[in-house]
Amino acid sequence: MIQTIDGASFRRLICSAAAAVDNNCQKINELNVFPVPDGDTGTNMGMTLGAAATDLSKAPQDITLTKAADMTASALLRGARGNSGVILSLLFRGFSSAWKGKLSADGRDFAAALTTGVDAAYKAVMKPAEGTILTVSRLTADAARALADNCADIEYVVEQSIETARAALENTVNQNPVLKKAGVVDAGGMGFVVILEAMLSSLRGNDVVSTVDHAAVNEQADFAQFDSEDITFAFDTVFIVRKFKDVSLEPLRHFLDGIGDSLVIGEDDEAFKVHVHTNIPGDALSEAQKYGTLELAKIENMRMQHDDLAAGRAARSTDDLEQIEQELEAQEGAAVEITKEYGVVAVCAGAGLADVFRDLGVDQIVEGGQTMNPSTQDILRAVELTPAETVFVLPNNKNIILAAQQAAELADKPVIVIASKTVPQGITAMLNFDPSLPAEDNTAAMSDCLDTVTTMQITYAARDSDFDGHQIAEGDYLALCNGALMGTSRDLHALLRMMAEKVGAEGKEFVNIFYGADTPQEDAEQTAALFAELAPQAEINLLSGGQPIYYYLISAE
């Protein structure tokens, strides 16, 4: 039995855990009962742990236990994405807190660290629910403390506590009515068990290695042989997409061939990888998302690489992103000067929605939302770039609120998080923002108005599911109202009619229809006409939101 671990061992444990979640990402994602193509639990937990693994991989081999735990906590805190990622970061913050000054840790130390982390996670969640990662981690910590009293070897405590974690995970299906109806266990809890199992494997000398191919194609042209103007298509674009079932990529191949050259598409049963040179990489990515869920992308400007080489400089690539980010942050940080009392940061996806927020006075836009939850660091950076003494943050998604709250704790200035769960709520909050009022008055006004707006959305099902009495098939259109499933159909018009009738029956007076990137303007105009017909009392506004995945985002007040 392994009795204790040091810093190097803990580093291996974390890297193994990150690789294991990476390997099981899709399996964890598929446990999410609601089949909307969002930034799912496995994705968020994987990216959060990946941030720590990346930092630890650069640390010296003789790193101390305290330093390894501190680096892990810091990376997870800033890299946390979604509620599951934030909770995970809080759980591992316990290791940093409990292992201060320690050169090694045994089973008692592991139990104490996990207990400290569980306490922090429960305090951070306003209304902790049973049948989640919180339940699984709490019961595991309880078991670990009892086990450590029997035997303090860390391998014994981790091994035996996993049995409790698995049992707790299996029981989540009985604790959460939604999970019980779907017959699945909690996704976050599953991720936690995967992490513990990987840590045990690493303890025994079997480090887990990621089997997911994240390596981007690195095809370099000999820029010295020609002028940059000879490069017809400037952007070397590579991306990986987890594809939908029974989808043919031929239409995508024809589309990409029409906007670029050097096209290569490789695929297997689950995913496809694209390499193309194009001048409009955004269009390539948007089109590809009609065939699956985007997992990874690399875009490099070959003309700029040529100019770098011609000037005797090393050509920058996506491998240099971290260094470039640091340089940009340093430049931006130096340029920010406080010019006003209040500023606002909003999270949204789509150029049209971003423009709406900017027109309402938002200072910084954090790209993200349903399709990709931004990290704590993303939100913190936007706060730091806002030239105001106090900054309000509009997460505009219930799965981003915790990350925003963590950013508020890390910020060097007062940050007030308004708990907006949808983009329409965020817009309504901005309409109630008055920079001439004290902060507490704005907080009350922006928070109190959130429940006055009805948010309706139309997207598609990413997988088959049985949810709330609805048999959902992959590819079905889904109508959502305030986050709840309103209906499913293969007929988009039928769902829009249902929404318009609801607006008319409830006597709503103001309706904003934001149509997405995949919705033709002609179709959107017909939708606006439908709402005008069925809700004649309402003022209808049609705007291009440009949001991905969601064909329509509709607010009614």
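Cut-offs applied
Residues numbered from 1 in each chain as written. Predicted model: local features only at pLDDT ≥ 70, side-chain atom pairs only at ≥ 80, totals over all residues. Heavy atoms only, no water. Pairing = 2+ DSSP bridges. Helix = DSSP H or I, 4+ residues; strand = E, 2+ residues; numbered from the N terminus. Axes fitted to C-alpha atoms, helices over the stretch in contact; angles between N-to-C directions. Contact = heavy atoms within 4.5 Å. pLDDT = per-residue confidence, 0-100. Core = buried A, V, L, I, M, F, W, Y, C linked by side-chain atoms within 4.5 Å. Buried < 20%, exposed > 50% of the residue type's maximum accessible area, 1.4 Å probe, protein only. Polar contact = N/O pair within 3.5 Å; in protein donor to acceptor, adjacent residues only side chain to side chain. Phe/Tyr/Trp six-rings, centres within 6.5 Å; stacked < 30°, edge-to-face > 60°.

1. Focus: the sheet that holds strand S8 (residues 415–417)
Part 1 of the argument: Within the open sheet, the four strands sit side by side as S6-S5-S7-S8. Their pairing is parallel. Each end of this open sheet is capped by a strand with a single partner; those strands are strand S6 (364–367) and S8. Neighbour to neighbour, the strand axes of the sheet diverge by 20 degrees on average, direction disregarded.
Part 2 of the argument: Bridge count for strand S5 (residues 340–348) against S6 is four bridges, and the pairing is parallel. Within the sheet, the bridge partner assigned to Ala 346 lies in S6 and is Ile 365.
Part 3 of the argument: Its contacts with the sheet place helix H19 (residues 439–448) against S5, strand S7 (388–394) and S8, and it is angled at close to 10 degrees to S7.

2. Section: the confidence of the model for the protein
Part 1 of the argument: The predicted model of the protein averages 87 in pLDDT, with 88% of residues at 70 or higher.
Part 2 of the argument: Predicted confidence for residues 214–230 stays below pLDDT 50, and this span has 23 contacts to residues more than four positions away or in other chains.

3. Some words on the nonpolar core
Part 1 of the argument: Formed by 86 residues in total, the largest nonpolar core has its most connected members in Phe 10, Trp 99, Phe 110 and Ile 195.
Part 2 of the argument: When residues of this core are assigned to their parent elements, the largest contribution, eleven residues, is made by helix H10 (residues 187–203).
Part 3 of the argument: Once residues lying within four places of it in the same chain are set aside, the contact partners of Trp 99 are Ile 5, Phe 10, Leu 65, Thr 66, Ala 69, Ala 105, Asp 109, Phe 110 and Ala 113.
Part 4 of the argument: Membership of the second largest hydrophobic core comes to 31 residues, among which are Leu 496, Phe 531, Ala 535 and Ala 556.

4. A short note on the side chain of Glu 155
Part 1 of the argument: Along the chain, the position of Glu 155 falls in helix H8 (residues 154–175).
Part 2 of the argument: Under the relative-accessibility criterion, Glu 155 is labelled buried at 10%.
Part 3 of the argument: Engagement of the side chain of Glu 155 in a polar contact is seen with the side chain of Arg 204, the distance being 2.9 Å.

5. A word on the packing of aromatic side chains
Part 1 of the argument: Using the criterion set out here, one finds ten aromatic pairs in the structure.
Part 2 of the argument: Consider the rings of Phe 92 and Phe 95, whose centres lie 5.2 Å apart with planes at 25 degrees: the pair is stacked. With Phe 92 and Phe 95 both in helix H5 (residues 82–98) and three residues apart, this pair spans about one turn of that helix.
Part 3 of the argument: With relative accessibility at 4%, the residue Phe 92 sits in the buried group.
Part 4 of the argument: Considering the side-chain rings of Tyr 477 and Tyr 551, the 5.6 Å spacing of their centres and the 75 degrees angle between planes classify their relative orientation as edge-to-face. Residue Tyr 477 is located in strand S12 (residues 477–481), and its partner Tyr 551 is located in the loop between strand S15 (539–544) and strand S16 (552–556); the two are separated by 74 residues in the primary sequence.
Part 5 of the argument: For Tyr 551, a relative accessible area of 17% puts it in the buried group.

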